[in-house]
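One-letter residues, chain by chain:
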Amino acid sequence: MKPAPFDYLAPETIEQACEHLAAAGGGATVLAGGQTLLPLLALRMSQPFVLVDINRIAALGGIIRVAGGTRIGPIVRQNEAIEDATLASRLPLVVRATRHVAHHQIRNRGTIGGSIALGEPAAELPATAVALGATLEVRSTRGTRRIPAEEFYFGPYATALEQDELLSAVHFPDWEPDTVSLFRELAQRPGDFALLGLSGALTLEERRITRAGIAWFGMGPTPMKARQLEAALVGQSIDALDPRALAELAIADTAPFDDHHASAEYRRTVGRHVFARTWREALDSRKVA
Amino acid sequence: MSQHPIRLTINGRPHEANVEARLTLSDFLRSKAGYTGVHVGCEHGVCGACTIVVDGRAVRACLMLAVQADGTRITTVEGLAAADGTLHPVQQALRDEHGLQCGFCTPGIVMTLAALTDGPEPPSADTLLEALSGHLCRCTGYQGIRRAAIKLAKKPGAGRP
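Residues numbered from 1 in each chain as written. Chains lettered and ligands numbered in written order. Predicted model: local features only at pLDDT ≥ 70, side-chain atom pairs only at ≥ 80, totals over all residues.

Quick look at the overall build of chain B
Summing up its helical and strand segments, chain B has five helices and five strands in all. Taken over C-alpha atoms, the radius of gyration comes to 15 Å for chain B, in line with the 15 Å a tight globule of 161 residues would show. Expressed as lengths along the three principal axes of its C-alpha atoms, the size of chain B is roughly 45 × 30 × 25 Å. Across the 161 residues that make up chain B, the buried fraction comes to 50%. Excluding contacts between residues fewer than 6 apart, the proportion of contacts in chain B whose partners are at least 24 apart in sequence is 61%. (Helix = DSSP H or I, 4+ residues; strand = E, 2+ residues; numbered from the N terminus. Rg over C-alpha atoms; globule rule 2.2 N^0.38 Å. Buried ≥ 20, exposed ≤ 12 C-beta atoms within 10 Å, placed from the backbone. Contact = placed C-beta atoms within 7 Å.)

Here it is, written out as structure tokens:
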């Protein structure tokens, strides 16, 4: 047995889970899919006193349509999301991004909420939540908070989630039917964390962009929303824009870092190309439409 | 350091045990339940050797706690071949295509391919090859493994026991 000893609780309601988290006074860790937590336990990088396993809480599952959007239960497995008909029609970007999360076997256990709550800066789903304007609902014995994804991430693995709070739902707003997905990532091997990537959506009326939501992953300490790019796109015709100027704007709001995989400069250079290719793909998809 | 009673089905047989919370499912299957076909390599989800099928899905046994397996139906590599020794189609395909060398990574690969091909129709070769990216073979014997996967994808109904 490699993990340090801990107590294990498997509540069946959100209220019970919140009570356990409150009672532990910061000594508890939530166990969702466990695909990041179990390696951390095995390596003893994480040594909680209590694990609160939320997998038996039915109210945390399911993908349902709600007014103005889609609610994804945090313990929905990543592969369930990929196979879901509602997401395929309403949130194709979420499906596309989720396909890039880790490996098939990991996605069979890993959850949508786990990835979003963890706040790994190179992960696909936090950036996708930020890009699409998702709202994260968090619960505790103190009540319910709804936090825009854009305000949720403070730094690598640092989020707005307090120690006694549980992510209880992820709400994605509807995007109009005439929306193009933008997604591309660069990884050293299939299934690895991305060196960097882009996730986003553009809504078009005829050929005019009416709404844009775009965010980077692996390009800073948190998901990085490409605000200047979005501002430059909205209201414009897709034919009238200069792709080179857009590529510069696309990386204007990033803060990439040097690590043993790549330098910040490499990430910026590749980021411009990633944007340019994704943009071309979006234009090509409009030619057929 | 809580202890928990669990009941689960492994390869069609019911099992009951009392497990410490921190015991991983891979360690439980190997050392408590005796299914040593569950190979433990990296013990943190990277290598894929311990992959088993839990409720129809291929998962890493080292990335689940034994206590989480309460109430589940598990298949390990020991549960695939027929009682008379007839190999499961995935095992047969790997044998036909020389899809193993030292054999350490093999049970995990077999379970991933079995889970994906045991459905109503076998998936595309792309799907199977993409899923194989979740396994490391330190002999680097990937060509034979790839051939076996492609064979399983092409023959309609090939994965069914």
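From this point on, the discussion continues.
Some details on the overall build of chain A
Of regular secondary structure, chain A possesses eleven helices and 14 strands. Each principal axis of the C-alpha distribution contributes one length, and for chain A these read about 60 × 45 × 30 Å. Among the 289 residues that make up chain A, the fraction classed as buried is 50%. Restricting the contact set of chain A to residue pairs at least 6 apart, pairs at least 24 apart contribute 62%.

Notes on unusual backbone geometry
One non-glycine residue, Arg44(A), lies in the positive phi region at around 55°. For Arg44(A), the position within the fold is in the loop between helix H2 (37-42) and strand S3 (50-53). Phi at Thr140(B) takes a positive value of approximately 60°, unusual for a residue other than glycine. Summarising the element assignment, Thr140(B) is placed in the loop between helix H4 (125-132) and helix H5 (142-154). We classify Thr140(B) as exposed; it has 8 C-beta atoms within 10 Å.

What about the nonpolar core?
One finds Val52(A) and Ile54(A) to be the most contacted residues of the largest nonpolar core, which totals 137 residues. Counting residues per element, this core draws most heavily on helix H3 (residues 106-117) of chain B, at seven residues. Aside from chain neighbours lying at most four places away, what touches Val52(A) is Leu9(A), Pro11(A), Ala17(A), His20(A), Leu21(A), Ala28(A), Val30(A) and Leu31(A). (Core = buried A, V, L, I, M, F, W, Y, C linked by C-beta atoms within 7 Å.)

So, the sheet that holds strand S14 (residues 224-225) of chain A
Two orientations exist for strands paired in a sheet by backbone hydrogen bonds: parallel and antiparallel. Residue and element names in this part refer to chain A. Across the sheet, which stays open at both edges, the four strands sit in the order S11-S12-S13-S14 with antiparallel pairing between neighbours. Of all strands in the sheet, those with a lone pairing partner are strand S11 (179-187) and S14, marking the two edges. Pairing of strand S12 (residues 194-205) with strand S13 (residues 208-217), which is carried by nine bridges, proceeds in the antiparallel orientation. When the bridges of S13 are listed, Glu205 appears paired with Arg208. Across the face of the sheet, helix H5 (residues 92-99) comes into contact with S11 and S12 while running at roughly 10° to S11. (Pairing = 2+ DSSP bridges. Axes fitted to C-alpha atoms, helices over the stretch in contact; angles between N-to-C directions.)

Side note on the domain arrangement of chain B
Residue and element names in this part refer to chain B. Examined at the domain level, chain B breaks down into domain 1 (3-79) and domain 2 (89-154). For domain 1 versus domain 2, the distance between C-alpha centres works out to 21 Å. Taken together, the contact between domain 1 and domain 2 spans 15 residues of the former and twelve residues of the latter. The set of elements that each furnish at least two residues to the side of domain 1 that touches domain 2 consists of strand S3 (51-54) and strand S4 (57-60). Here the element with the most residues in the side of domain 1 that touches domain 2 is S3; it accounts for three residues. Partitioning the side of domain 1 that touches domain 2 into residue classes produces eight nonpolar, six polar and one charged. (Domains from an automatic or database assignment. Nonpolar A, V, L, I, M, F, W, Y, C, P; charged D, E, K, R; others polar.)

Overview of the packing of H5(A) against helix H8 (residues 124-132) of chain A
Residues and elements named next belong to chain A. Remark: H5 packs on H8, axes separated minimally by 9 Å, with the N-to-C direction vectors making an angle of 165°. By the angle between their directions, the pair H5 and H8 is classed as roughly antiparallel. In this structure, H5 crosses over H8, and the sense of that crossing is right-handed. On H8, the residues touching Leu93, Val94, Ala97 and Thr98 of H5 are Glu124, Leu125, Thr128 and Leu132. Looking at the contact of H5 with H8, its residues break down into five nonpolar, two polar and one charged. (Parallel < 35°, antiparallel > 145°, perpendicular 65-115°, else oblique. Left-handed = near helix turned anticlockwise from the far one by under 90°.)

Notes on the packing of helix H2 (residues 89-96) of chain B against H3(B)
Relative orientation and spacing of two packed helices are given, respectively, by the angle between their axes and the distance between those axes. All names here are of chain B. Look at H2 against H3: their axes get within 9 Å of each other, and the N-to-C directions meet at 125°. Judged by the inter-axis angle, H2 sits oblique to H3. Note that H2 runs across H3; the crossing there is right-handed. Of the residues in H3, those touching H2 at Val90, Gln91 and Leu94 are Thr106, Val110, Leu113, Ala114 and Thr117. Taken together, the residues that form the contact of H2 with H3 break down as five nonpolar, three polar and no charged.

Comments concerning the interface of chain A and chain B
Of the residues lining the interface, 24 residues belong to chain A; the matching set on chain B comes to 25 residues. Partitioned by chemical class, the residues of the side of chain A that touches chain B number twelve nonpolar, eight polar and four charged.

A word on H8(A)
All names here are of chain A. In terms of residue burial, H8 counts as a mostly covered element, since nine of its nine residues are buried. Every buried residue of H8 is accounted for by Glu124, Leu125, Pro126, Ala127, Thr128, Ala129, Val130, Ala131 and Leu132. Of the residues one or two after H8, Gly133 is the one with positive phi, at around 75°.

Re the sheet that holds S4(B)
Residue and element names in this part refer to chain B. Taking strand neighbours across the sheet as the criterion, the five strands line up as S2-S1-S5-S3-S4 in an open arrangement whose pairing is mixed. Looking at strand neighbours, the two that pair on one side only are strand S2 (13-20) and S4, the edges of this open sheet. The mean angle between the axes of side-by-side strands here comes to 40°, regardless of whether they run parallel or antiparallel. Of the strands in this sheet, S3 and S4 are in contact with H3, which crosses S3 at around 35°.

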